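One letter stands for each residue in the lines below.
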Amino acid sequence: MLRQWQEQDLPHWQALNADPQVMRYFPAPLSAEESQQAMHRMQQLIAHNGWGFWALEHRQDKRCIGTIGLHHNSDTVPGRELVEIGWRLDRHYWRQGFTEEGARASLSFAFEQLGLAEVYAFTALTNLPSQGVMKKLGMRNTGEDFDHPKLDDCPRLQRHCLYRIDAATFATS
C-alpha cells in the first residue's frame, strides 16, 4: 500500500538507508539523521502536492518496507524539467513483485489523476536491477545518457541512463 509517511516508519526507513546492499547504487548509506530529513521532506511534499515518494507499507505486517512514487524534478537531467518515478525497498522484500506493483500504481496515478503525458526514470548505468523494473513497466531507454550533476565526486555512479513512458504506452502495457 502506498501512503503518507508516519513517524513509526522512521526506524524502518533508517535501517533500509543504512543497509549497504540497498544503497549500493548511491554514493553511500545514509545516517539516521539524513534518513529522518529525507522522510520529512517527502512528508512535506506529499502534504503540499497530494503526491510524491510515498511510504510503501506491507499489507500483512503493516510495516514500512520502502518508498515508491513520483517526484517533480527540475535539477537532475540537464535541460529537462520532468516528473520522475522512483523506488527504494528493503532488500528482504526484493524480487517479490512489490516494486513493479507499486510503480504501476504510481504510473496509473500520474496518467489518470494528474493527467501527465509522460513520466521518466533514471539510474546509474550500472544499476541493472532498476533498469529491469523500468523495462517491465514498459518504459523505454531514451538513449540520452547524462552525468548526474550531484555525483561529480562519485565517478562509478555519475553516468546515468534515462527511461521514459507515455500515457498511451502505459495504457496498453
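Source: prediction; values computed, not measured.

Calculation rules
Residues numbered from 1 in each chain as written. Predicted model: local features only at pLDDT ≥ 70, side-chain atom pairs only at ≥ 80, totals over all residues. Heavy atoms only, no water. Disulfide = S-S within 2.5 Å. Buried < 20%, exposed > 50% of the residue type's maximum accessible area, 1.4 Å probe, protein only. Phe/Tyr/Trp six-rings, centres within 6.5 Å; stacked < 30°, edge-to-face > 60°. Lys NZ or Arg CZ within 6 Å of the ring centre and 35° of its normal. Helix = DSSP H or I, 4+ residues; strand = E, 2+ residues; numbered from the N terminus. Arc of directions from axis to C-beta. Contact = heavy atoms within 4.5 Å. Salt bridge = Lys/Arg side-chain N within 4 Å of Asp/Glu carboxyl O. Lys, Arg positive; Asp, Glu negative; His and termini not counted. Polar contact = N/O pair within 3.5 Å; in protein donor to acceptor, adjacent residues only side chain to side chain. Axes fitted to C-alpha atoms, helices over the stretch in contact; angles between N-to-C directions. Parallel < 35°, antiparallel > 145°, perpendicular 65-115°, else oblique. Left-handed = near helix turned anticlockwise from the far one by under 90°. Nonpolar A, V, L, I, M, F, W, Y, C, P; charged D, E, K, R; others polar.

1. A short note on the state of the cysteines
Reasoning step 1: Per the stated rule, a full pass over the model turns up zero disulfides.
Reasoning step 2: In this structure Cys 154 is not part of a disulfide, and its nearest cysteine sulfur, from Cys 161, lies 15 Å away.
Reasoning step 3: Residue class for Cys 154 comes out buried when judged on its relative accessible area of 9%.

2. Description of the packing of aromatic side chains
Reasoning step 1: Following the criterion strictly, the structure yields five aromatic pairs and no others.
Reasoning step 2: Between Arg 88 and the ring centre of Phe 26, over which it is positioned, the NZ or CZ distance is 4.3 Å.

3. Details of helix 4 (residues 128-136)
Owing to its 3.6 residues per turn, the α-helix brings residues three or four apart onto one side.
Reasoning step 1: Residues of helix 4 that are buried include every one of Ser 130, Gln 131, Val 133 and Met 134, and no others. Considered in projection along helix 4, the buried side chains sweep an arc of 155 degrees and stay on one side of the axis. Of the exposed residues in helix 4, the ones pointing more than 90 degrees away from its buried face are Leu 128, Lys 135 and Lys 136.
Reasoning step 2: Close packing links the buried residues of helix 4 with strand 4 (82-89), helix 3 (98-113), strand 5 (118-124) and strand 8 (159-166).
Reasoning step 3: Just downstream of helix 4 lies Gly 138, where phi reads positive at about 90 degrees.

4. Looking at the pairing of strand 4
Reasoning step 1: With eight of eight residues buried, strand 4 lies mostly within the body of the structure.
Reasoning step 2: Going residue by residue along strand 4, you find Leu 82, Glu 84, Gly 86 and Arg 88 tucked away on one face and Val 83, Ile 85, Trp 87 and Leu 89 tucked away on the opposite face as well.

5. Quick notes on the pattern of salt bridges
Should the charged atoms of two oppositely charged side chains come close, the side chains can pair.
Reasoning step 1: By the definition in use, this model includes ten salt bridges.
Reasoning step 2: A salt bridge links Lys 150 to Asp 75, with the nearest nitrogen and oxygen atoms 3.4 Å apart. Taken together, the residues span a long stretch of sequence, with Lys 150 in the loop between strand 7 (146-147) and helix 5 (155-158) and Asp 75 in the loop between strand 3 (64-73) and strand 4 at a distance of 75 residues.
Reasoning step 3: Take Lys 150: its relative accessible area is 55%, and that puts it in the exposed class.
Reasoning step 4: Asp 147 is paired through a salt bridge with Arg 159; the nearest N and O atoms lie 3.1 Å apart. Residue Asp 147 is located in strand 7, and its partner Arg 159 is located in strand 8; the two are separated by twelve residues in the primary sequence.
Reasoning step 5: With relative accessibility at 38%, the residue Asp 147 sits in the partly exposed group.
Reasoning step 6: Within this structure, Arg 3, Asp 9 and Glu 57 form a network of salt bridges that share partners.

6. Some words on the side chain of Glu 84
Reasoning step 1: Along the chain, the position of Glu 84 falls in strand 4.
Reasoning step 2: Salt bridges are absent for the buried Glu 84, whose nearest opposite-charge side chain, Lys 150, sits at 8.3 Å.
Reasoning step 3: At 2.8 Å, the side chain of Glu 84 and the side chain of Asn 73 are in polar contact.
Reasoning step 4: Those residues within four positions of Glu 84 in sequence are excluded, and the remaining contacts are Phe 53, Gly 69, Leu 70, His 71, Asn 73, Val 119, Tyr 120 and Phe 122.

7. Notes on the side chain of Asn 17
Reasoning step 1: By the secondary structure assignment, Asn 17 is in helix 1 (residues 10-18).
Reasoning step 2: Residues within four places of Asn 17 in sequence aside, it is in contact with Met 23, Pro 29, Leu 30, Ser 35 and Arg 88.

8. Quick word on the packing of helix 1 against helix 2 (residues 32-49)
Reasoning step 1: Look at helix 1 against helix 2: their axes get within 9 Å of each other, and the N-to-C directions meet at 120 degrees. Comparing their axes, helix 2 and helix 1 come out oblique. As for the relative orientation of helix 1 and helix 2, their crossing is right-handed in sense. Here helix 1 contributes Leu 10, Trp 13, Gln 14 and Asn 17 to the contact with helix 2, which in turn contributes Ala 32, Ser 35, Gln 36, Ala 38, Met 39 and Met 42.
Reasoning step 2: The residue inventory of the contact of helix 1 with helix 2, partitioned by class, reads six nonpolar, four polar and no charged.

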